[in-house]
Amino acid sequence: MSIPANLKYTKDHEWVSIEGDVATVGITHFAQKELGDIVYVEVETLDQTLSKDEVFGTVEAVKTVSDLFLPLTGEIIAFNEDLESAPETVNSDPYGAGWMIKIKIADASEIDSLLSDEAYKDLIGA
């Protein structure tokens, strides 16, 4: 199972890529595999500032709907609009074209609470 070493992770199976004060967020390969075929990604929090662990959207698969939790406090500055017409991209390329949102990080100290790739592997038993 692919778990890129250059990313940070959450216990809720989201990945985070940090460049300066902007974080890109998506769900992990493990999460998309558990959900199955993704048919819809909804993010109605664009341009809003939310706290860490608040729900920023939902991902809908054939059999379930799952909340998406913000890994870091900040303003949601971008949504991957390509997912509106091709939500299955989250299944086929979860760490690339399947990204979901970008956040302007409000509190950089929260980055320390994210999991390393090794800690995430331990969490999922990989």
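Bear in mind the structure is a predicted one, so any value in this text is a computation, not a measurement.

The feature "modified residue: N6-lipoyllysine" (unreviewed entry), as given by UniProt, occupies Lys-63 in the numbering adopted here. Note on placement: Lys-63 falls in the loop between β6 (55-61) and β7 (65-69). Residue Lys-63 is classed as exposed on the basis of its relative accessible area, which comes to 81%.

Along the chain, Pro-94 falls in the loop between α3 (89-92) and β9 (101-105). Put simply, Pro-94 and Glu-14 are 80 residues apart on the chain and 9.9 Å apart in space, counted from C-alpha to C-alpha. Setting aside its immediate chain neighbours within four residues, Pro-94 contacts Trp-15, Ile-27, Thr-28, His-29, Gln-32, Thr-89 and Trp-99.

One non-glycine residue, His-13, adopts positive backbone phi at about 70 degrees. Within the secondary structure, His-13 is located in the loop between β1 (8-9) and β2 (14-19). For Asp-47, which is not glycine, the phi dihedral falls at a positive 70 degrees. Relative to the helices and strands, Asp-47 resides in the loop between β4 (38-42) and β5 (49-50). Asp-47 sits in the exposed class, given a relative accessible area of 56%.

Definitions and limits used
- Residues numbered from 1 in each chain as written.
- Predicted model: local features only at pLDDT ≥ 70, side-chain atom pairs only at ≥ 80, totals over all residues.
- Heavy atoms only, no water.
- UniProt positions renumbered as here; feature names shortened; annotations may be inferred.
- Helix = DSSP H or I, 4+ residues; strand = E, 2+ residues; numbered from the N terminus.
- Buried < 20%, exposed > 50% of the residue type's maximum accessible area, 1.4 Å probe, protein only.
- Contact = heavy atoms within 4.5 Å.

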